[in-house]
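Here's the letter readout for the chains.
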Amino acid sequence: MLLIILILTVLAIIILVTKVRVHLDYFHGNDNDHFKVIIKAWGGLIRIKMEIPVVKVDDNSPTIVTEEKLSVGPKDKLKQEKTSQTDKTDLLNSIKDFNQLVIHVVGLHKIIRDFLKKVTVRNIEWHTMVGVGDAAATGVLTGAFWAVKGGAIGFLSHYMKLKEMPVMTITPSFQHAVSITSFKCMFQVRVGQAILAGIKLVKYWKGGWPEFKSKPLSHLSGDNTNSV
């Protein structure tokens, strides 16, 4: 019995100190969008990859159509594909759900801020090519993009641990209308720190459970999902 308790204690400690790495990879090229998230732990032994290769506006309705791919395992053995549509109602529901969290959790901002301080950010690469076909307007737009990037990096460095200087470029296209962006980075946090943030959310919860309006995740359900 003592041996079992000892083994469980060691396993719990290993899990709590385990570092989880989240790799983000986003590409936007004119009308083409691709977003990939890879979650790794234990040197890649645990690996979850989610891809959103298509983001487009539906021609028949005012909705955004996304095609998602989810794979689990070191060699992407378990794969699922899913197509979904998002309209303005879904967006409003998400905003209302966040407002419910703010109402029900005392000190939510402090809990999030304390958690973000434990998150490490590495390998930021942000490259952009932009142009509107007019040299003067393109110059103004380039300056605006530099301001946006500077503000975003300033936010990350203020709330998180930014370990390396980001690699950023903006290439103006004075002759042609172009909109291309590539963004990559890696977030790292320990499992124990994420669990602690969750415990704080429960500890400072007030009132009953709110009625969230957003659609539940259906990756693990069979809704509109094709297994490959």
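Residues numbered from 1 in each chain as written. Predicted model: local features only at pLDDT ≥ 70, side-chain atom pairs only at ≥ 80, totals over all residues. Heavy atoms only, no water.

Enquirer: Would you mind showing me how to read the overall build of the protein chain here?
Expert: Of the regular secondary structure elements, the protein chain holds five helices and 10 strands. Classification of the 228 residues of the protein chain by burial places 29% in the buried group. Across the protein chain, the fraction of contacts at a sequence separation of at least 24, relative to all contacts at a separation of at least 6, is 62%. In the structure as shown, the protein chain presents an accessible area of about 15100 Å², 65% of it carried by carbon and sulfur atoms. (Helix = DSSP H or I, 4+ residues; strand = E, 2+ residues; numbered from the N terminus. Buried < 20%, exposed > 50% of the residue type's maximum accessible area, 1.4 Å probe, protein only. Contact = heavy atoms within 4.5 Å. Areas by Shrake-Rupley, 256 points an atom, 1.4 Å probe, with all protein chains shown as cover.)

Enquirer: How should I be thinking about a nonpolar patch on the surface in this particular structure?
Expert: Taken together, Leu 3, Ile 4, Leu 6, Ile 7, Leu 8, Val 10, Leu 11, Ile 14, Ile 15, Trp 42, Leu 45 and Ile 46 make up a surface patch of nonpolar side chains, about 1100 Å² in accessible area. Looking at which element gives the most residues to the nonpolar patch, the answer is helix 1 (residues 2-17), with nine residues. Along the polypeptide, Leu 11 turns up in helix 1. (Patch = residues over 30% accessible without salt bridge, like charges linked within 9 Å, V, L, I, M, F, W, Y side chains within 5 Å. Salt bridge = Lys/Arg side-chain N within 4 Å of Asp/Glu carboxyl O.)

Enquirer: I would appreciate a short explanation of the packing of aromatic side chains in the present structure.
Expert: By convention here, two paired aromatic rings are described through the distance between centres and the angle between planes. Counted under the stated rule, the structure contains three aromatic pairs. Each ring, one from Trp 126 and one from Phe 183, has its centre 5.3 Å from the other, and the planes form 80°; the classification is edge-to-face. Taken together, the positions of Trp 126 in strand 6 (residues 120-132) and Phe 183 in strand 9 (residues 177-190) put the pair 57 residues apart, joining distant regions of the chain. Using a relative accessible area of 15% as the deciding quantity, one classes Trp 126 as buried. Summarising the aromatic geometry, the rings of Phe 155 and Tyr 159 are spaced 4.8 Å apart at their centres and angled 45° between planes, so their arrangement reads as tilted. Linking Phe 155 with Tyr 159, this pair stays in helix 4 (residues 135-159), spanning four residues, or about one helical turn. Phe 155 gets classed as partly exposed once you look at its relative accessible area, which sits at 44%. Residue Tyr 159 is classed as partly exposed on the basis of its relative accessible area, which comes to 22%. (Phe/Tyr/Trp six-rings, centres within 6.5 Å; stacked < 30°, edge-to-face > 60°.)

Enquirer: Help me understand the packing of helix 3 (residues 108-116) against helix 5 (residues 191-203) in this model?
Expert: The description of two packed helices rests on the angle between their axes and on the distance between the axes. The N-to-C vectors of helix 3 and helix 5 enclose an angle of 175°; their axes lie 10 Å apart at closest approach. With respect to helix 5, the axis of helix 3 lies roughly antiparallel. Residue-level inspection shows Leu 108, Ile 111, Asp 114 and Phe 115 of helix 3 in contact with helix 5, the latter providing Gln 193, Ala 194, Ala 197, Lys 200 and Leu 201. Residue classes in the contact of helix 3 with helix 5 are distributed as six nonpolar, one polar and two charged. (Axes fitted to C-alpha atoms, helices over the stretch in contact; angles between N-to-C directions. Parallel < 35°, antiparallel > 145°, perpendicular 65-115°, else oblique. Nonpolar A, V, L, I, M, F, W, Y, C, P; charged D, E, K, R; others polar.)

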